[in-house]
Amino acid sequence: MLTKDSKSEISADQPVIEIRDLHKSYGDLEVLKGVSMTAPRGHVTSLIGSSGSGKSTLLRCANLLEDSQRGEILFNGEPILWKGDGPHRRPADRKQVTRIRTNLSMVFQQFNLWAHMTILENVMEAPVTVLGRDRKEVEEKARIYLDKVGIGDKCDVYPAQMSGGQQQRAAIARALCMEPQALLFDEPTSALDPELEQEVIKVIKALAEEGRTMIIVTHDMRMASDISDHVVFLHKGLIEEEGHPSELFGKPKSERLKQFLSATV
Ligand code: ADP
Ligand code: MG
């Protein structure tokens, strides 16, 4: 979603994130073996694959929460600057990392809310302390986003007093309150009971309809099929197949994808 101000010079067909031939190892374990993907502006990209295929790692590399050893990551066409090589490669410019990371908000499987803060305080925390925004303005926005995800009445409640579905919606409001250029979801519904899963899916669907840029790691093939513009199937650190959901789910080509889909239905 583009707003006025500094973001207005970015053209609509410039992907928010572009990853080229990314390699990532943990010690001797090569987890990403040359992965290229983009998060086109205003589109939903879903990432599917078996447990251990590297989905979370890819998301964390995109967000610069993890280092990678080879390949490029671009944010609005701007390449991440690196220093060092291979296992010693690190981002060269901390300010660039902070700027990019604050523009890519993550939503995790386990919500990761602060237990000692109310829901309103949780949502306000990063915009106030990380971005240095005015408390009063942030509070207004936080209340709007909490309303948007359907828990505007929970501002003064602590996370432990809410259901998992409500906590995850609070985590989504917190991500939105950073007003990021893209939202990255890592299995946002995996920790939830089926009936609570639906209330979170509804919120994610509404965000997709608004044209927000999102990458969603999910085991929920139905949601991926419903809301994605593009689906990427990762297998053992490589993209095995990708395409429009109608093609990927309707006419899978690779045997591995066929197997994966038949095992998950
Ligand atoms: P997925 O999200 O697709 O289930 P992950 O990206 O979490 O897969 O993990 C991919 C592989 O990397 C797995 O073999 C996992 O054990 C390994 N891995 C993930 N995180 C770490 C880490 N911090 N240290 C060592 N190995 C890791
Ligand atoms: Mg994972």
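An unreviewed UniProt entry lists the protein under the name Amino acid ABC transporter ATP-binding protein, PAAT family, with Celeribacter neptunius given as the organism. Of the protein, the UniProt comment under Subcellular location (unreviewed entry) reads exactly: "Cell membrane". A UniProt comment under Sequence similarities (unreviewed entry) is attached to the protein, and it reads "Belongs to the ABC transporter superfamily."

**Re the nonpolar core**
By size, the foremost hydrophobic cluster in this structure holds 65 residues, and its most contacted members are Ala62, Val123, Ala173, Ala182, Leu184, Met214 and Ile215. With 7 residues, the single largest contributor to this core is helix α5 (residues 164-177). In contact with Ala173, other than residues within four places in its own chain, are Val123, Tyr145, Leu146, Lys148 and Val149.

**Side note on the packing of α5 against helix α6 (residues 194-209)**
A packed helix pair is summarised by two numbers, namely the angle formed by the two axes and the spacing between the axes. Relative orientation of the contacting elements α5 and α6 amounts to 20 degrees, with a least axis distance of 8 Å. Classed by the angle they form, the pair α5 and α6 counts as roughly parallel. Judged by the twist between their axes, the crossing of α5 over α6 is right-handed. Here α5 contributes Gly164, Gly165, Gln168, Arg169 and Ile172 to the contact with α6, which in turn contributes Leu196, Glu199, Val200 and Val203. Tallied by class, residues from the contact of α5 with α6 come to 4 nonpolar, 3 polar and 2 charged.

**Observations regarding the UniProt feature "domain: ABC transporter" (unreviewed entry) in the protein**
Within the UniProt annotation, "domain: ABC transporter" (unreviewed entry) is assigned to residues 17-261. From the first C-alpha to the last, residues 17-261 spans 27 Å; its make-up is 38% helix and 26% strand.

**Quick word on the site of ligand 1**
Around ligand 1, the structure places Tyr26, Leu29, Val31, Gly49, Ser51, Gly52, Ser53, Gly54, Lys55, Ser56 and Thr57. For the shell around ligand 1, the secondary-structure elements that each account for two or more residues are β2 (29-39) and α1 (55-62). A per-element tally of the shell around ligand 1 places α1 first, with 3 residues.

**Focus: the pairing of strand β8 (residues 104-107)**
Here β8 shows a buried face lined by Leu104 and Met106 and a second buried face lined by Ser105 and Val107. Bridge count for β8 against strand β9 (residues 182-186) is 4 bridges, and the pairing is parallel. Each residue of the ladder has a partner; that of Ser105, found in β9, is Leu183.

**Considering the sheet that holds strand β1 (residues 17-26)**
Pairing is antiparallel in the open sheet, where 4 strands are placed in the order β2-β1-β4-β5. At either end of the open sheet lies a strand with only one pairing partner, and these are β2 and β5 (78-79). In this sheet, strand β4 (residues 70-75) lies alongside β1 in antiparallel orientation, the contact comprising 5 bridges. Looking at the pairing, Ile17 lines up with Phe75 of β4.

**Focus on the environment of Asp153**
Relative to the assigned elements, Asp153 resides in the loop between α4 (135-148) and α5. Between the alpha carbons of Asp153 and Arg143 there is a distance of 9.1 Å; along the sequence they are 10 residues apart.

**What to know about the pairing of β2**
Bridge count between β1 and β2: 8 bridges; the pairing is antiparallel. Bridge pairing in β2 links Ile17 to Ala39. Between β1 and β2, which follow one another and run antiparallel, lie 2 residues, and Gly27 among them has a positive phi close to 60 degrees.

**A few points about helix α3 (residues 119-129)**
Among the residues of α3, those classed as buried are Ile119, Asn122, Val123, Met124 and Pro127. In this structure, the buried side of α3 is in contact with α4 and α5.

The rules behind the values
- Residues numbered from 1 in each chain as written.
- Chains lettered and ligands numbered in written order.
- Predicted model: local features only at pLDDT ≥ 70, side-chain atom pairs only at ≥ 80, totals over all residues.
- UniProt positions renumbered as here; feature names shortened; annotations may be inferred.
- Core = buried A, V, L, I, M, F, W, Y, C linked by C-beta atoms within 7 Å.
- Buried ≥ 20, exposed ≤ 12 C-beta atoms within 10 Å, placed from the backbone.
- Helix = DSSP H or I, 4+ residues; strand = E, 2+ residues; numbered from the N terminus.
- Contact = placed C-beta atoms within 7 Å.
- Axes fitted to C-alpha atoms, helices over the stretch in contact; angles between N-to-C directions.
- Parallel < 35°, antiparallel > 145°, perpendicular 65-115°, else oblique.
- Left-handed = near helix turned anticlockwise from the far one by under 90°.
- Nonpolar A, V, L, I, M, F, W, Y, C, P; charged D, E, K, R; others polar.
- Near = placed C-beta within 6 Å.
- Pairing = 2+ DSSP bridges.

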